[in-house]
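These are the residues of each chain, in order.
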Amino acid sequence: MPRKKLRKLHDSTNILPESSKRRSRLSKVDYSESNTRNDRPRPTGANSDSEFSKSSDSEEDKPRTPAKPFRSSIFNTPTRRSLNLIGASPKRTPKKPLLAYRAVQRVNQTYEIVPLPQRSQETAAASTSYERARERLHVSAVPDSLPCRELEFEEIMAHVETAIEEGTGTCIYISGVPGTGKTATVLEVIRHLQHKSENENLGKFQFVEINGMKVTEPSQAYSILWECVKPDDPSSKKRRVTANHALDLLENRYNTYDEDRQTTVVLMDELDLLVTKKQTVMYNFFEWPNRANSKLIVIAVANTMDLPERMLSNKVSSRLGLTRLNFQPYTHHQLYQIVESRLDGIEEFEKEAVEFAARKVSAVSGDARRALDICRRAIEIVEERVKKGDAKAPKSRNVTIPVINEAVREMFSSPTVTFVQQCSLHQKLFLVSVLKCIQRNGLADVEFGEVAQQHVQTCRWHHIEAPGTSDLMRVCESLGQTRALVVEGGRLDLGMRIALNISESDLIMACKGDKLIGKLVSNA
């Protein structure tokens, strides 16, 4: 069919193209947008439909992006602008309440600690001589006098008293093996100085004791010192400070000049346990007494004589000063005097028994506490026999040498001593060699090669067949398996580190019965 006839048929049926249908449909539905849209003016006249159809056909032939489906605005969510046009008030979001003035409720709320009520317990006075002897021989009992340490007492007394009178600071280092009366002598000096201060023969001073066994970490020493020297402020009495804050407060205190400042005497007991990697605690406590008008006196007590040279750096040991005092182990004469001074007025102890106990202890360690414990145990043995009725003879009611010997066997018959006594010859020699190397180097652990060399040399001196390195390695392994030695794991060579895991006194006591090993231990 010709094109002209088709176009006439299209005009007669009034059929519009698809695009014009869509436009007409939009004009019928969307009344609000039809008034605002700037539509293209439609042609008027007879040929208006034909011209419009031509333009629509040409537009349909061109490629175009498909239009998005239209949604009427009556189904859309009303906006703030549309609501304002119709006069409706928009719904406002409620504001959050202010929490600035509200305290946070925590689960771990701190409460004031109320101390437990103390019970008044009446201690019965010692009625028998056995009970009086047990009380006096106890390690914690404070005697009326401290025998056998008169020279050390006078030297410490002179240094501390001079520093208090002149208002200067100083450091005193006291060393010695355990049980030689170091702490007891210092406390006796402080008692005498406090008595002088109360009688106004000496200026007032404060005394602070810091024990390395009683602190959780070395930096806690700052807090203990600040709690004792802080000013008497009612608001700060209940306030506790951390270790870092206490360090800052102490630095500020000893950097400022105060003429009315009171002298402070600090006893740092068990100094070995207060040594840290950076040694800041030791440095500060030895540095503050050297400052002008610090009025701080530090008395350091340790079990090692060469601790400043072995464990402390040069800057710390130089500030410690040259005032050093070494307490030698007690001899059997001194131990006899110490025990006899506590048994004054008690006749249940024979003098020979006391001397026997003193000689036994002085041969091992010279520890006065061990001698007191042995005599106290001997009193308990005799008291038990008297209560059972076994001691009918008059002499059996006294402490004799056999009773002391029984107490010594009980005190020294520990599993460690029994194990060392049952070891072989080379195992004992190896333990003694480790002990000698530790004493010579001053370190807690030594190398296997050094111990093996000491072992072979000892065997040659006493005409004993020396074992090889592999045999000594097996001996070391056997002692490490029984935990008599602490052996470095992961290596089996000459550089392997070894540490002694039993006490020196137990090793000496176990080897005393052997003639050869006993000589080596006595010379160690």
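Residues numbered from 1 in each chain as written. Predicted model: local features only at pLDDT ≥ 70, side-chain atom pairs only at ≥ 80, totals over all residues. Heavy atoms only, no water.

### Brief notes about the overall build of the protein chain
Check the secondary structure of the protein chain and you find 23 helices and eight strands. The buried share among the 524 residues of the protein chain stands at 37%. Of the contacts formed within the protein chain by residues at least 6 apart in sequence, a portion of 72% connects residues at least 24 apart. Here the protein chain has roughly 34100 Å² of accessible surface; of this, 51% comes from carbon and sulfur atoms. (Helix = DSSP H or I, 4+ residues; strand = E, 2+ residues; numbered from the N terminus. Buried < 20%, exposed > 50% of the residue type's maximum accessible area, 1.4 Å probe, protein only. Contact = heavy atoms within 4.5 Å. Areas by Shrake-Rupley, 256 points an atom, 1.4 Å probe, with all protein chains shown as cover.)

### A word on the pattern of salt bridges
One pass over the full model with this rule turns up 19 salt bridges. Residue arginine 377 is joined to glutamate 380 by a salt bridge in which the shortest nitrogen-to-oxygen separation is 3.2 Å. Taken as a pair, arginine 377 and glutamate 380 lie in helix H16 (residues 368-388) at a separation of three residues, close to a single helical turn. Ionic pairing is found between arginine 377 and glutamate 410, a salt bridge with its closest N-O pair at 2.7 Å. Of the two residues, arginine 377 sits in helix H16 while glutamate 410 sits in helix H17 (residues 401-412), which places them 33 residues apart along the sequence. The class for arginine 377 is partly exposed, based on a relative accessible area of 22%. Put simply, Arg376, Arg377, Glu380, Glu384 and Glu410 are held in one network by salt bridges that share partners. (Salt bridge = Lys/Arg side-chain N within 4 Å of Asp/Glu carboxyl O.)

### Let's talk about the pairing of strand S3 (residues 263-269)
Within S3, seven of the seven residues are buried, which leaves the element mostly enclosed by the surrounding structure. Because side chains alternate across S3, one face comprises the buried residues Thr263, Val265, Leu267 and Asp269, and the other comprises Thr264, Val266 and Met268, equally buried. Pairing of S3 with strand S4 (residues 296-302) involves five bridges; the strand directions are parallel. When the sheet's bridge partners are listed, valine 266 is paired in S4 with valine 298. With respect to chirality, the unit in which S3 leads through helix H11 (residues 280-287) into the neighbouring parallel S4 is right-handed. (Pairing = 2+ DSSP bridges. Right-handed = clockwise from strand over helix to strand, strands pointing away.)

### Section: the sheet that holds strand S6 (residues 445-447)
An order of S6-S8-S7 is seen for the three strands of this open sheet, with the pairing classed as antiparallel. The sheet is open, and its two edges are formed by S6 and strand S7 (485-487), each paired on a single side. Pairs of neighbouring strands in the sheet enclose a mean axial angle of 30 degrees, with direction left out of account. As paired elements, S7 and strand S8 (residues 497-500) share three bridges and run antiparallel to each other. Of the residues in S8, the one forming a bridge with valine 487 is isoleucine 498. Across the sheet, helix H21 (residues 469-481) touches S7 and S8, and the angle it forms with S7 is around 110 degrees. (Axes fitted to C-alpha atoms, helices over the stretch in contact; angles between N-to-C directions.)

### Remarks on the packing of aromatic side chains
Scanning all chains against the criterion turns up five aromatic pairs. These aromatic residues form a ring-pair network of at least three members: Tyr222, Tyr254, Phe285 and Trp288. Here the guanidinium or amino end of arginine 149 rests over the ring plane of tyrosine 330, the centre of that ring lying 4.3 Å away. (Phe/Tyr/Trp six-rings, centres within 6.5 Å; stacked < 30°, edge-to-face > 60°. Lys NZ or Arg CZ within 6 Å of the ring centre and 35° of its normal.)

### Some words on the environment of valine 189
Following the sequence through the fold, valine 189 ends up in helix H8 (residues 182-198). You can call valine 189 buried: its relative accessible area is 1%. Separated by 29 residues in sequence, valine 189 and valine 160 place their C-alpha atoms 8.7 Å apart. Residues in contact with valine 189, not counting those within four places in the same chain, are Phe153, Ile156 and Met157.

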